[in-house]
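Each chain is listed here by its residues.
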Amino acid sequence: MPSDQPLAEFTAAYAPDDAALADELLASAALPPDREARIDAVATELISSIRGSEHGLGGVDAMLREFALSTKEGLALMVLAEALLRIPDAATADAFIEDKLGQGDFAHHRIKSDAVLVNASAWALGLSARLVHAGETPQGTLAALTRRIGAPAVRAATRQAMRLIGNHFVLGETIDSALARTKAHVREGSRYSYDMLGEGARTAEDAERYYQSYSDAITAIGRTSGNAALPARPGISVKLSALHPRFEAISRDRVMRELTPRLLELARLARSHGLAFTVDAEEADRLELSLEVFAACFADPSLSGWDGYGLAVQAYQKRAAAVIEYLAELANALDRRIMLRLVKGAYWDTEIKRAQERGLADYPVFTRKPMTDLNYLSCAGKLLSLRPRLFPQFASHNALTVATILELADGSEGYEFQRLHGMGEALYARLLAEHPQAVCRIYAPVGGHRDLLAYLVRRLLENGANSSFVAQAGDDNVPIAELLTRPAAQIGRPENARNPAIPLPRDLYQPQRLNSRGIEFGDRSALAALLGDIETARRPLPTIAAATPAQAAAAIAAARDGFETWSRTSADHRATILERAADLLEQRRAPLIALLQDEGGKTLDDCVAELREAIDYCRYYASEGRRLFAEPLALPGPTGERNTLGLRGRGVFVAISPWNFPLAIFLGQVTAALMAGNAVVAKPAEQTPVIAELAISLLHEAGVPRAALHLVQGDGRIGAALVEQPEVAGVVFTGSTEVARAINRTLAAKDGPIVPLIAETGGINAMIVDATALPEQVADDVVASAFRSAGQRCSALRLLCVQEDVADRVIAMIAGAARELRIGDPRDPATHVGPVIDAEAKARLDAHIARMKREARLHFAGTAPANGNFVAPHVFELSRASQLTEEVFGPILHVVRYKAAEFDDLLDDIAATGYALTLGVQSRIDDTVARVIARLPTGNVYVNRNIVGAVVGVQPFGGSGLSGTGPKAGGPQYLPRFALEQTVSINTAAAGGDAALLTGGG
Ligand SMILES: Cc1cc2nc3c(=O)[nH]c(=O)nc-3n(C[C@H](O)[C@H](O)[C@H](O)COP(=O)(O)OP(=O)(O)OC[C@H]3O[C@@H](n4cnc5c(N)ncnc54)[C@H](O)[C@@H]3O)c2cc1C
């Protein structure tokens, strides 16, 4: 970037405490009574005009009336149409409608849970309270409609609804049609900011396509933009995620190198036409990177003297004020103006979910809506005071928010309001009529139906959420006075700032257990601190000698002795030790990650996930252990007798684990066996002995007696020597089906007690993708499932089955997304795919690739570094699923196409593999999902998501058939399998009568 200005870095706590923020916000919220009264008056006017308007909530009523159907039924059609919009091609869309309307049979269809229809927020599209009564469902309404007017008419109406939804929220399918639609309004002085739909490029081609569409749009807008001066000129809004296929924190260097110049080119083009140019705000983990890209581009001298460059800032983020201050400093430093659009934010539910999944200390967004509103107003005040350095643009459809800003601005100029096309029409019509100095710009999405989905879902959520102003204003039962309640009054005191119904991510599983602590890579300072700690903790790997068979036998004997004491300890004592181990794992995060990278070849993301899984196992089995082992279960029976069922340890358990999860699977097995009261002899994989040693010493440190827990290093021969020992009371094994069979035979050949084997083995895991699936989502999920951890997870995707109608597009997107993966040194946080475990694995995979190149159609071959055990991701197409006969443990994806009409054959082929570990289904048709689940007994089925990364206690893991014996690790049935059951019946009447009966018999 040709700039010699040193740019300040944005720093702000990622997810600070709500109460401290509320304290500040509340202190400055109050206005003098006369000003509050004026706000009440204006807001009341605006709400009344919304409620009284012909167009209601921005024309939705009108849209529904066009159906010439009752509005309730129109609404139900909207719901169906919204789902229909996701579907790429006409033929499948027809099939989808048929599926939903069931060729007349729809009318007789029993209403069952249908995620597409039930959860569609469109049902609550702002009008729900008026139109829909409790218990009514969209499909119920549609069923009645179909009975009345027939399926063909409903089908036609659905298509009409689809067009109307598109037209309602989208200004035009092309920039030219959009410009034609706004021409007259622009002449009358309306301001627009055009938004080219489509976001989240997955491939370089996508990013290029979006770039081109932005660039073409800027030229087209520029051509028709008239002679007004900024800020009264039209503008364009761009999404950074559309312009780069890996717009993510860990790819920072690449993003700065590749995306910043692209953004600059667009900004220059916009400047050449004198347009306003706004970078949209996206997810919180991208904020720091967005600001860096934004600032680097802004600092370019070629933009100097232009006042049209701008950014959106989200007030639901706790860092909003810090962002505004940062931008004001930046504008000062460069002596330019920034246009700053203040929004509340459109990804709230995604933010909450992500923070929970990643186990963050707190949320980056507020958890109560009035806090968002309060922060918005505070930021608005700040922005108004920072004029003219910043040009404030207040984007809101909330009458109270708008009225308050009008008051804060106090008749001054140098700011504008903004609304979305299709929303806020009545509100702003009234506002502009009463306050001629006010200005409102319309944000106008442009694009085809295919690109509408993500945008539409955000709008539907916005309209449908109970908390949203639009929904409340649409509900006549909500008194206006309630809508005027100030956010400060709703919060009251700082202690109320947090939503008690949304636990902190750490407390997600309470009262059972703590969630493991994670990290947000989008939090630069947290990432830097972790990386620093890891480097400090890195040590050369020691050499570890294998045990001899005699030492293995001695370990079993010693464990037998250790068992006597350990099995008599209380369950609570054992659980406390496991919890201490979890805490130690959390404290030793850095050395453990360093070791997982150096010995296991794992990427940072995989290391964090694995460490968290290990911690979760410790805490989960501790809590399960307390539940199951603390007290025997009292059973019903006749009076005068006490019957209980208790669990106790079996004896010595041998735990044999693989190298691919050298910490999590290793500790999961060991802690489960220990919690159940067994002594354990653990044999880790010979590829990862150092991690095992550290894990065992950590358990000893946490309080597991040395006599109860022994580590025996070595390869398969030592494992076999352990299993052969007569004293072994149980074996828990994770690895190949072949070795599991060998263990089973050894155990069966022994005299003495028959001991249990808990085996978790491999899988030929499939994902079925039908034509209703969203290709972008499929690409994300397939790439994560097939290539993450270099495909070395037993859950990894091996066989992708795509409906032939969409196969070309889906496969191309997967290949394009795979091409963007960075393969290399796992210690570099920017690496997506590390090496495979050793030279032997590499040789095996290379041989498979060579064979596939002869026998299958190659769709994609990545490039991997030449030195080291790297295997690049590959995608091969097979002619039939049955061509894949064994688990290929690496980043090689096999694809088959299937015909919709031969769906059952496909399921038979998958079943015929004999494996049943993980399975993915990507479909919007619930019947399809139900059919797959009913036909295949696969252990872990994932619908419309990736198929890896099972979370302890949330997605208990393990399969059946060739994939293992069960019970599932991290599930409620696991611990009892490690235990003996003991029933105790005590005749309480034996000592001279049934006292309990006599005293209670009255
Ligand atoms: C012109 C324009 C441009 C936009 N550009 C962007 C953009 O670049 N990036 C973006 O993210 N959004 C953008 N939006 C969308 C915008 O965020 C939403 O339209 C906005 O949040 C709705 O706010 P409101 O004041 O109209 O409604 P209100 O109903 O008053 O507020 C809704 C807000 O409250 C939040 N909320 C709901 N429940 C809670 C809770 N429990 N805790 C905390 N907060 C809660 C919602 O997430 C939402 O942000 C834009 C909107 C407009 C009008």
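Just so you know, these numbers come straight off a predicted model, no measurement behind them. (Residues numbered from 1 in each chain as written. Predicted model: local features only at pLDDT ≥ 70, side-chain atom pairs only at ≥ 80, totals over all residues. Heavy atoms only, no water.)

Examining the overall build of the protein
Of the regular secondary structure elements, the protein holds 39 helices and 25 strands. Across the protein, the fraction of contacts at a sequence separation of at least 24, relative to all contacts at a separation of at least 6, is 78%. Of the roughly 38400 Å² that the protein leaves accessible, carbon and sulfur atoms contribute 53%. (Helix = DSSP H or I, 4+ residues; strand = E, 2+ residues; numbered from the N terminus. Contact = heavy atoms within 4.5 Å. Areas by Shrake-Rupley, 256 points an atom, 1.4 Å probe, with all protein chains shown as cover.)

Thoughts on the packing of helix H26 (residues 571-587) against helix H29 (residues 664-675)
Remark: H26 packs on H29, axes separated minimally by 10 Å, with the N-to-C direction vectors making an angle of 160 degrees. The angle between H26 and H29 falls in the class roughly antiparallel. Regarding H26 and H29, the two cross each other, and that crossing is right-handed. Packed against H26, whose contacting residues are Ala571, Arg574, Ala575, Leu578 and Leu585, the element H29 presents Leu667, Thr671, Leu674 and Met675 at the interface. Residue classes in the contact of H26 with H29 are distributed as 7 nonpolar, 1 polar and 1 charged. (Axes fitted to C-alpha atoms, helices over the stretch in contact; angles between N-to-C directions. Parallel < 35°, antiparallel > 145°, perpendicular 65-115°, else oblique. Left-handed = near helix turned anticlockwise from the far one by under 90°. Nonpolar A, V, L, I, M, F, W, Y, C, P; charged D, E, K, R; others polar.)

A few points about empty space enclosed by the protein
Throughout the structure, instances matching the rule amount to 4 cavities of 30 Å³ or more. Surrounding the largest cavity, 16 residues form its lining, Gly600, Gly601, Lys602, Ser789 and Gln792 being those nearest its centre. Residues belonging to the lining of the largest cavity are distributed by class as follows: 6 nonpolar, 7 polar and 3 charged. (1 Å grid on protein atoms, 1.4 Å probe; cavity = no way out; pocket = protein on both sides within 12 Å on 5 of 7 lines; lining within 4 Å. Points joined across faces, edges and corners; volume = space filled by probe spheres on them.)

Remarks on the layout of surface pockets
Put simply, the second largest pocket is a space of about 1300 Å³. Forming the walls of the second largest pocket are 44 residues, and the residues nearest its centre are Trp659, Gly735, Ser736, Val739 and Arg844. Among the elements of the structure, helix H31 (716-724), strand E14 (728-734), helix H32 (737-749) and helix H35 (839-855) are those that each provide at least two residues to the lining of the second largest pocket. Taken together, the residues of the lining of the second largest pocket break down into 19 nonpolar, 14 polar and 11 charged.

What to know about the packing of helix H17 (residues 369-385) against helix H18 (residues 399-409)
Contact pair H17 / H18: the axes reach a minimum separation of 10 Å and the direction vectors enclose 30 degrees. Put simply, H17 runs roughly parallel to H18. Two packed elements cross with a definite hand, and for H17 against H18 that hand is right-handed. For the pair H17 and H18, the contacting residues are Tyr376, Leu377, Ala380, Gly381 and Leu384 in the first and Thr401, Thr404, Ile405, Leu408 and Ala409 in the second. Within the contact of H17 with H18, the residues separate by chemical class into 7 nonpolar, 3 polar and no charged.

Some remarks on the pairing of strand E22 (residues 918-922)
Extensive coverage of E22 is indicated by the burial of 5 of its 5 residues. The alternating pattern of E22 places Thr918, Gly920 and Gln922 and Leu919 and Val921 on opposite faces, both of which are buried. In the sheet, strand E16 (residues 765-769) pairs with E22 via 4 bridges, with the strands oriented parallel. Within the sheet, the bridge partner assigned to Val769 lies in E22 and is Gln922. A crossover links E22 with its parallel partner strand E23 (residues 940-943), the connecting element being helix H37 (residues 926-935), and its sense is right-handed. (Buried < 20%, exposed > 50% of the residue type's maximum accessible area, 1.4 Å probe, protein only. Pairing = 2+ DSSP bridges. Right-handed = clockwise from strand over helix to strand, strands pointing away.)

Structural notes on helix H28 (residues 604-629)
Over its 26 residues, H28 runs 37 Å from end to end, which matches the ideal 38 Å to within 8%, given 1.5 Å per residue. Within H28, 22 of the 26 residues are buried, leaving the element largely enclosed by the surrounding structure. (Expected span 1.5 Å × (residues − 1).)

As for the site of the ligand
Near the ligand, the surroundings consist of 31 residues, among which Gly345, Ser396, His397, Glu462 and Phe469 are the closest. Contact distances for the ligand include 2.9 Å between an oxygen atom and a side-chain N or O atom of Gln314. Within the side chain of Asn398, one N or O atom sits 2.7 Å away from an oxygen atom of the ligand. Surface burial for the ligand is 93%, taken as the share of its 950 Å² of free accessible area covered by protein chains. Counting residues per element, the ones that place at least two in the shell around the ligand are strand E4 (309-314), strand E5 (338-343), H17, strand E7 (416-420) and helix H20 (453-464). Of the residues contributing to the shell around the ligand, the split by class is 12 nonpolar, 10 polar and 9 charged. (Near = heavy atom within 4 Å. Polar contact = N/O pair within 3.5 Å; in protein donor to acceptor, adjacent residues only side chain to side chain.)

Section: the sheet that holds E23
Spatially, 7 strands are ordered E18-E19-E20-E17-E16-E22-E23 in an open sheet, and the strand pairing comes out mixed. In this open sheet, the two edge strands, each paired with only one partner strand, are strand E18 (857-861) and E23. For this sheet the average axis-to-axis angle between neighbouring strands, irrespective of direction, equals 20 degrees. Where strand E17 (residues 797-803) and strand E20 (residues 892-898) come together, 5 bridges link them in parallel fashion.

Some points on the pairing of strand E2 (residues 235-238)
Alternating positions in E2 separate into two faces, Gly235 and Ser237 on one and Ile236 and Val238 on the other, with burial throughout. In the sheet, strand E1 (residues 191-196) pairs with E2 via 3 bridges, with the strands oriented parallel. Bridging across to E2, Tyr194 finds its partner in Ile236. Pairing of E2 with strand E3 (residues 276-279) involves 4 bridges; the strand directions are parallel. Note on E3: the bridge partner recorded for Gly235 is Ala276.

A look at helix H19 (residues 425-434)
Quick reminder: α-helices carry 3.6 residues per turn. Residues three or four places apart thus point the same way. Burial in H19 covers these residues: Ala426, Leu427, Tyr428 and Leu431. Along its buried surface, H19 packs onto helix H2 (33-52), strand E6 (390-395), H18, E7 and strand E8 (440-446).

Some details on the nonpolar core
The nonpolar side chains of soluble globular proteins are, as a tendency, buried together. Ranked by size, the top nonpolar core spans 99 residues in total, and within it Tyr194, Leu263, Phe277, Leu327, Leu342, Phe394 and Phe417 carry the most contacts. Leaving out residues up to four positions away in the same chain, Phe277 has contacts with Ile218, Ile236, Val238, Leu263, Leu266, Ala267, Ala270, Trp306, Gly308, Tyr309 and Gly310. Listed in part, the 72 residues of the second largest apolar core include Val833, Val836, Ala841 and Val948. (Core = buried A, V, L, I, M, F, W, Y, C linked by side-chain atoms within 4.5 Å.)

Side note on the sheet that holds strand E15 (residues 757-760)
Reading across from one edge, E13-E12-E11-E14-E15 is the order of the 5 strands in this open sheet, with parallel pairing throughout. Of all strands in the sheet, those bounded by a partner on one side alone are strand E13 (709-711) and E15. Across the sheet, the mean angle separating the axes of adjacent strands is 15 degrees when strand polarity is ignored. Bridging between strand E12 (residues 679-683) and E13 involves 3 bridges; their strand directions are parallel. If you follow Val681 over to E13, its bridge partner there is His710.

Here we look at the environment of Leu845
For Leu845, the position within the fold is in helix H35. Along the primary structure Leu845 and Ala872 are separated by 27 residues, whereas in three dimensions their C-alpha atoms are 9.9 Å apart. Setting aside residues up to four positions removed in sequence, Leu845 forms contacts with Val836, Val871, Val888, Phe889, Gly890, Pro891 and Ile892.

Concerning the packing of aromatic side chains
Applying the stated rule across the entire model yields 19 aromatic pairs. Considering the side-chain rings of Tyr192 and Tyr194, the 5.8 Å spacing of their centres and the 25 degrees angle between planes classify their relative orientation as stacked. Classification of Tyr192 by relative accessible area gives buried; the value is 5%. In this structure an aromatic cluster arises from ring pairing among Tyr617, Tyr620, Tyr621, Phe653, Tyr974 and Phe978. (Phe/Tyr/Trp six-rings, centres within 6.5 Å; stacked < 30°, edge-to-face > 60°.)

Digging into the side chain of Asp606
Topologically, Asp606 is positioned in helix H28. Residue Asp606 is classed as buried on the basis of its relative accessible area, which comes to 4%. The contacts of Asp606, once residues within four sequence positions are left out, are Arg788, Ser789 and Arg793.

Re the pattern of salt bridges
Per the counting criterion, the structure on display carries 68 salt bridges. Between Glu586 and Arg506 there is a salt bridge whose closest N-O contact spans 3.0 Å. Taken together, the residues span a long stretch of sequence, with Glu586 in helix H26 and Arg506 in the loop between helix H23 (487-491) and helix H24 (524-537) at a distance of 80 residues. For Glu586, a relative accessible area of 8% corresponds to the buried category. In this structure, Asp828 engages Arg822 in a salt bridge whose closest nitrogen and oxygen atoms are separated by 2.8 Å. (Salt bridge = Lys/Arg side-chain N within 4 Å of Asp/Glu carboxyl O.)

Let's talk about unusual backbone geometry
In terms of backbone geometry, most residues other than glycine have negative phi values and most peptide bonds are trans. A cis amide bond links Leu230 to the next residue, Pro231, at an omega of 5 degrees. Tracing the chain through its elements places Pro231 in the loop between helix H11 (204-223) and E2. Following Gly966, the chain continues to Pro967 via a peptide bond in cis, the omega torsion being -5 degrees. Here Pro967 is to be found in the loop between strand E24 (960-961) and helix H38 (974-977). With a phi close to 55 degrees, Asp410 is a non-glycine residue in the positive phi region. Within the secondary structure, Asp410 sits in the loop between H18 and E7. Among the residues examined, Asp410 registers a relative accessible area of 55% and is labelled exposed. The backbone of Ser789 sits at a positive phi, close to 60 degrees, despite the residue not being glycine.

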